[in-house]
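Summary of structural features
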Amino acid sequence: MKILVCISSVPDTTTKITFADGNTKFNTAGVQYVINPYDEFGLSRAMQLKEKMGGTVTTVTVGRADTEPVIRKALAIGADDSVRIDADPVDSFQVASEIAAYAKDKAFDLIITGRESIDYNGGAVPGMLAELLGINSVSPCVKLEIEGNIATMQTMIDGGKEVVKSNLPVVAAAQKGMVDESELRIPNMRGIMAARTKPLAVVPGSASGNTAAKTFDLPAPKAACKMISADNVEELVHLLHTEAKVI
Amino acid sequence: MSVLVFAENWDGSFKKSTYEAVSYASSLAAKVGGSATAVVIGNVSDTNALGKYGATKALQFDGDNMNHQGIASILAQAAQATGAKYIVFNGTWKAKGAAPRLAVKLNASIATEVVELPSSTTPFNVKKKVFSGKAFAHVEMAGDVKIIVLSTNAYGVHENAVSIAVEKGSGAATEKDVSLQHVEYQKTAGKINLTEAELVVSAGRGMKDPGNWGMVEALAETLGAATACSKPVADIGWRPHHEHVGQTGIAVAPNLYIAIGISGAIQHLAGISSSKKIVVINTDPEAPFFKAADYGIVGDALQVIPKLTEAIKKLKG
Ligand SMILES: Cc1cc2nc3c(=O)[nH]c(=O)nc-3n(C[C@H](O)[C@H](O)[C@H](O)COP(=O)(O)OP(=O)(O)OC[C@H]3O[C@@H](n4cnc5c(N)ncnc54)[C@H](O)[C@@H]3O)c2cc1C
Ligand SMILES: Nc1ncnc2c1ncn2[C@@H]1O[C@H](COP(=O)(O)O)[C@@H](O)[C@H]1O
């Protein structure tokens, strides 16, 4: 099994989001970067598959040198080698184009992405990547089993789940469930040491995007919460009915 | 100029999210000077219903329960046949899966999680959710063809009845498009779909014991609401995982979100920030959730919920 895992470097989930330069840029000051949580589920599943079936796990990230700590973390978790495509990620199409150009002639059996990156929430890279490579995709993928040349996957549909099957290669976009939280891999000391010398190739990027985030804003601040006594739930019901008009 | 809209159906019937996409598409068509054409894939008994939300035409294609690839393939053929410059999708899993594939096929730009009509059409500028709803971006879309995927419940359903012409679309998915094989469905029967729900009752670790969920369900049932939960509650198996709301779970956008015994961690708030009104019930007056709430009760959930259910029953008579 030759597995490719796409890793995006994103602000930690507890980050307070603010913008700089007249609301034209995300304010990165003091922000901690982590492996996109969905990619972490995918990487952990890739490690399990490698241990079961043999093979290699390569990661790919489109980003500048500042993404390398996150890439090293993926290597510490157990990826064999990593590739960084040296470009500022601008949108899903550019990222998917870069990854497709890299993966095209490498004969990966399985490509794992996350179901979306938690920063710009495009959710579009897996489908675009699969379309560019002319292969099937499953997004979100909450279970992934491989047997021979066949991947059996579970995806979410509105109102339940669907089980589907595809020949390899396939793109699977990880959602929690692909592994359980308890199965998430955490780097240990040996892994961290080993990661320092594992190969991290840097290749130039050349694709361009077709969308651009021009400005950002934050949701309007909420009015103060109206407190109601626990002995007076009728008042709450009354307010929900007459003031909020939601029931 | 024709605006296409993917009119998703479930076993032959439409849902609210379909009408939301059609509503958006017809308003967009009015803005760019054109009309909205719905693309229906598979057999639907009441395609005319789409006219109520402003679709002047519906193109009907064969193919039941089509996968992402098949949907993208059919829409690409419909877009080419109609010369559509804009294609609108609802925010369901299927639509979110198909739209990126279509973008590549048509060499179109795409924006997902879109919450409003474009603020300008030249250049084409839309507002979308970023950072899991903690912020918005105003995105300029280039390219000749633009694909818009809505954030569920953000734009809403707007009636705008027009007369609709239903035609058979020409084209079909190829064998390769449908090479992803369907094996089986595992449907959560009878439940209100959480991502589309207008009312949601959600509970967290403050409920103390899974045995206490009966009163949460009774409240939800009285309201006609969907049930949801915080992540730890799903992790310890008190509730099924598909109910877990938040950054790593699902995002909801109801008119009313009632949060019971949930502290209001930032990762939980990421999944509910699009709720129009929020009620928080918590023993701790300092619980961070109160900062995000519209109405709050400091009190023990186990005491408050049954009273609340009774009061709602009284209201409903
Ligand atoms: C990477 C990452 C991703 C995460 N993603 C998510 C996510 O998607 N969704 C999510 O929910 N969490 C997520 N979390 C976890 C999140 O940080 C919180 O730990 C979690 O939301 C807390 O759940 P809770 O409020 O149910 O429990 P607690 O934090 O234990 O809070 C329980 C609350 O109940 C109150 N309470 C206690 N007894 C009663 C009573 N009798 N009546 C009323 N109130 C009572 C307490 O005052 C407290 O406020 C994530 C964390 C990380 C690190
Ligand atoms: N800059 C990037 N480098 C590598 N992979 C990425 C990058 N951005 C997104 N991805 C992958 O694509 C998935 C979906 O991202 P998105 O379409 O941006 O929401 C992520 O979970 C990653 O697996």
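For the structure itself, look to the data block above.
This structure is a prediction, so every number in the text was calculated from the model and none was measured. (Residues numbered from 1 in each chain as written. Chains lettered and ligands numbered in written order. Predicted model: local features only at pLDDT ≥ 70, side-chain atom pairs only at ≥ 80, totals over all residues. Heavy atoms only, no water.)

Time to look at the site of ligand 2. All names here are of chain A. Around ligand 2 sit 21 residues in total, of which D39, V62, S117, G123 and A124 are the nearest. At 2.7 Å, a backbone N or O of S117 approaches an oxygen atom of ligand 2. Here an oxygen atom of ligand 2 sits 2.9 Å away from a polar atom, N or O, in the main chain of V125. If ligand 2 stood free it would expose 480 Å²; the protein chains cover 95% of that surface. Elements represented by at least two residues in the shell around ligand 2 include exactly β6 (56-62), α3 (92-103), β8 (110-114) and α4 (125-133). Each residue belonging to the shell around ligand 2 can be placed in one class, and the counts come to 10 nonpolar, nine polar and two charged. (Near = heavy atom within 4 Å. Polar contact = N/O pair within 3.5 Å; in protein donor to acceptor, adjacent residues only side chain to side chain. Areas by Shrake-Rupley, 256 points an atom, 1.4 Å probe, with all protein chains shown as cover. Helix = DSSP H or I, 4+ residues; strand = E, 2+ residues; numbered from the N terminus. Nonpolar A, V, L, I, M, F, W, Y, C, P; charged D, E, K, R; others polar.)

In the contact formed by helix α6 (residues 233-242) of chain A and helix α8 (residues 301-316) of chain B, the axes pass within 9 Å of each other and the chain directions differ by 50°. By the angle class used here, α6 of chain A and α8 of chain B are oblique. Along this stretch, α6 of chain A crosses α8 of chain B, giving a crossing that reads as right-handed. Two secondary-structure elements touch here, α6 of chain A through V233, E234, L236, V237 and H241 of chain A and α8 of chain B through V304, K307, L308, A311, I312, K314 and L315 of chain B. A class-by-class count of the residues in the contact of α6 of chain A with α8 of chain B yields eight nonpolar, one polar and three charged. (Axes fitted to C-alpha atoms, helices over the stretch in contact; angles between N-to-C directions. Parallel < 35°, antiparallel > 145°, perpendicular 65-115°, else oblique. Left-handed = near helix turned anticlockwise from the far one by under 90°. Contact = heavy atoms within 4.5 Å.)

This part covers the site of ligand 1. By nearness alone, 26 residues border ligand 1, and K208, S230, S263, Q267 and N282 of chain B come closest of all. Residues within reach of ligand 1 are spread across chains A and B. A distance of 2.8 Å separates a nitrogen atom of ligand 1 from a polar atom in the backbone of V245 of chain B. Separating an oxygen atom of ligand 1 from a backbone N or O atom of Q247 of chain B is a distance of 3.0 Å. In the complex, the protein chains occlude 77% of the 980 Å² of accessible area that ligand 1 would expose alone. Taken together, the elements giving at least two residues each to the shell around ligand 1 come down to α5 (231-235) and α6 (266-269) of chain B. Classifying every residue of the shell around ligand 1 gives five nonpolar, 16 polar and five charged.

Moving on, we come to the pattern of salt bridges. All names here are of chain A. This structure, assessed with the given rule, holds 31 salt bridges over all chains. For E145, the salt bridge is made with K52, and the minimal N-O distance between the two is 4.0 Å. Placement of E145 in strand β9 (residues 136-147) and of K52 in helix α1 (residues 37-53) is noted, with a sequence separation of 93 residues between them. Residue class for K52 comes out exposed when judged on its relative accessible area of 57%. In this structure, R64 engages D88 in a salt bridge whose closest nitrogen and oxygen atoms are separated by 3.4 Å. Here D88 lies in the loop between β7 (81-86) and α3 and R64 lies in the loop between β6 and α2 (68-77), a separation of 24 residues in the sequence. Overall, the relative accessible area of 44% leaves D88 in the partly exposed class. (Salt bridge = Lys/Arg side-chain N within 4 Å of Asp/Glu carboxyl O. Buried < 20%, exposed > 50% of the residue type's maximum accessible area, 1.4 Å probe, protein only.)

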